[in-house]
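So the chains spell out like this:
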Amino acid sequence: MKAFSLIHACIFLKPMVGFGFCNYNFYESILSIAHNDTLITGHSVVGFAMYYFTYDPWIGKLLYLEDFFVMSDFRGFGIGSEILKNLSQVAMKCRCSSMHFLVAEWNKPSINFYKKRGASDLSSEEGWRLFKIDKEYLLKMAAEE
Amino acid sequence: MVFVQIREAKEGDCGHIMRLIRELAEFEKLSDQVKIREEDLRADGFGENPFYHCLVAESLPGPGESQGPCVVGYGLYYFIYSTWKGRNVYLEDIYVKPEYQGQGIGSKIIKKVAEVALDKGCSQFRLSVLDWNKRAMDLYKALGAQDLTEAEGWHSFRFEGEVMRKLAGK
């Protein structure tokens, strides 16, 4: 059996621009690293979460979780939960009122993961629909008199 | 005739913006959910590291009118990041007082945010709408917006305050 261990302590925050911890970079990341004795390099990134800060004029700062992924071989070890715990601590440290994110309605495993931990589906519960306007329409708008 | 200009919000506008935020929350039938105060809006938007940007629609008095300019609408937005599309802009709130609606002010605010988005190298503009707000949905669709919840099944999720505290282990 391959020698394998997880270093939870290696979950760390990596600011993208050196402005500080809770400041306004375009995004920030948490990386999860597994230590494997059989790897020559000794460490390998096996999961990540990318997030940034958004704003709700009713409740103030929010933490927005843009991407969250753990490689399939490394699931079931509590890495996802640990990343989520870390994110929640970041959110609280930065005085965010809540954490928001998107999930595709067909992604049942993710929906179960989040709902088991107390997440609410605002689209189903309150009727929120996400809209997008692509660049070609932004250019059209900007060109109008 | 009313002349309305769209301009960047100043710190002194926070009182007016707060008033309009409360009006919009009432319109969305969720007014008990407004928790922030004017001082939070000031600190979060006009401090060293702003967490949002805001445009206001200001009606200007006509010749001979004694009343001063008046903030009659706002658009609050911030920059986000998509791992698929890169820099985007997110329009969090847009509101025009009912008596000033129907004059294209909302469209002007959106257009101004679109200009800012392009200027900052954004490739997409996002916003959320409540499913019963047909008038807003029609306006956005007329501007080229697509409903991603309908088209791709995206749902907005949240870990709210108390739940998040539990996750943090506090």
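Residues numbered from 1 in each chain as written. Chains lettered and ligands numbered in written order. Predicted model: local features only at pLDDT ≥ 70, side-chain atom pairs only at ≥ 80, totals over all residues. Heavy atoms only, no water.

Under an unreviewed UniProt entry, chain B has the name diamine N-acetyltransferase and belongs to Myotis myotis. In its Sequence similarities (unreviewed entry) section, the UniProt entry covering chain B states "Belongs to the acetyltransferase family." (UniProt positions renumbered as here; feature names shortened; annotations may be inferred.)

Chain A has the name Diamine acetyltransferase 1 in an unreviewed UniProt entry, where Myotis myotis is given as its organism.

Moving on: the interface of chain B and chain A. Where interface size is given, it is often the accessible area lost as the parts come together that is meant. Taken together, the contact between chain B and chain A spans 69 residues of the former and 63 residues of the latter. There are 26 residue pairs in polar contact (both at pLDDT 80 or more) connecting chain B and chain A. For the side of chain B that touches chain A, the per-class residue count stands at 36 nonpolar, 14 polar and 19 charged. By the bridge criterion, seven bridges tie strand 8 (residues 128-134) of chain A to strand 5 (residues 124-130) of chain B in an arrangement that is antiparallel. Bridge assignment links I133 of chain A to a residue of strand 5 of chain B, and that residue is F125 of chain B. (Contact = heavy atoms within 4.5 Å. Polar contact = N/O pair within 3.5 Å; in protein donor to acceptor, adjacent residues only side chain to side chain. Nonpolar A, V, L, I, M, F, W, Y, C, P; charged D, E, K, R; others polar. Pairing = 2+ DSSP bridges. Helix = DSSP H or I, 4+ residues; strand = E, 2+ residues; numbered from the N terminus.)

This brings us to the packing of helix 4 (residues 135-143) of chain A against helix 3 (residues 105-119) of chain B. The geometry of helix 4 of chain A relative to helix 3 of chain B is characterised by a closest axis approach of 9 Å and an angle of 115° between their N-to-C directions. In the packing of helix 4 of chain A onto helix 3 of chain B, the handedness of the crossing is left-handed. Contact with helix 4 of chain A, carried on its side by K135, L138, L139, M141 and A142 of chain A, involves I110, K111, A114, E115, A117 and L118 of chain B of helix 3 of chain B and no other residues of that element. Of the residues that constitute the contact of helix 4 of chain A with helix 3 of chain B, the class distribution is eight nonpolar, no polar and three charged. (Axes fitted to C-alpha atoms, helices over the stretch in contact; angles between N-to-C directions. Left-handed = near helix turned anticlockwise from the far one by under 90°.)

Attention now moves to the nonpolar core. L63 and L87 of chain A together with L41, Y74 and F159 of chain B are the most contacted members of the largest nonpolar core, which has 56 residues in total. Here this core takes seven residues from helix 1 (residues 14-27) of chain B, the largest share from any one element. Within the second largest apolar cluster, 31 residues are counted, among which are M141 of chain A together with A57, Y100 and M137 of chain B. (Core = buried A, V, L, I, M, F, W, Y, C linked by side-chain atoms within 4.5 Å. Buried < 20%, exposed > 50% of the residue type's maximum accessible area, 1.4 Å probe, protein only.)

Let us look at the sheet that holds strand 5 of chain B. Judged by pairing direction, the sheet is mixed, and its seven strands sit side by side in the order 1(B)-2(B)-3(B)-4(B)-5(B)-8(A)-6(B) without closing on themselves. In the strand order of this sheet, the two ends are held by strand 1 (3-8) and strand 6 (146-147) of chain B, each with one partner. Here strand 2 (residues 53-60) of chain B pairs with strand 3 (residues 70-82) of chain B via seven bridges, running antiparallel. The residue bridging S59 of chain B from the neighbouring strand is C70 of chain B, located in strand 3 of chain B. Across the sheet, helix 4 of chain A is in contact with strand 8 of chain A together with strand 5 of chain B; its angle to strand 8 of chain A comes to roughly 70°. In this fold helix 3 of chain B packs onto strand 1, strand 2, strand 3, strand 4 (86-96) and strand 5 of chain B, with an angle of close to 160° to the strand it touches most, strand 4 of chain B.

Let us look at helix 1 of chain B. Residue and element names in this part refer to chain B. Helix length check: helix 1, at 14 residues, gives a terminal C-alpha distance of 20 Å against a target of 20 Å (1.5 Å per residue), a fit within 8%. For helix 1, every residue scored as buried is listed here: C14, I17, M18, L20, I21, L24 and A25. One face of helix 1 carries all of its buried residues, which in axial projection span an arc of 165°. Those residues of helix 1 that are buried are in contact with helix 2 (38-46), strand 2, strand 3 and strand 4. Of the residues one or two after helix 1, K29 is the one with positive phi, at around 65°. (Expected span 1.5 Å × (residues − 1). Arc of directions from axis to C-beta.)

You can see V103 of chain A is positioned in strand 6 (residues 98-104). For V103 of chain A, a relative accessible area of 3% corresponds to the buried category. V103 of chain A sits 35 residues away from L138 of chain A along the chain, and the two C-alpha atoms are 26 Å apart. Contacts of V103 of chain A, omitting those with residues within four sequence positions, involve S110, I111 and Y114 of chain A together with G153, W154, H155 and F157 of chain B.

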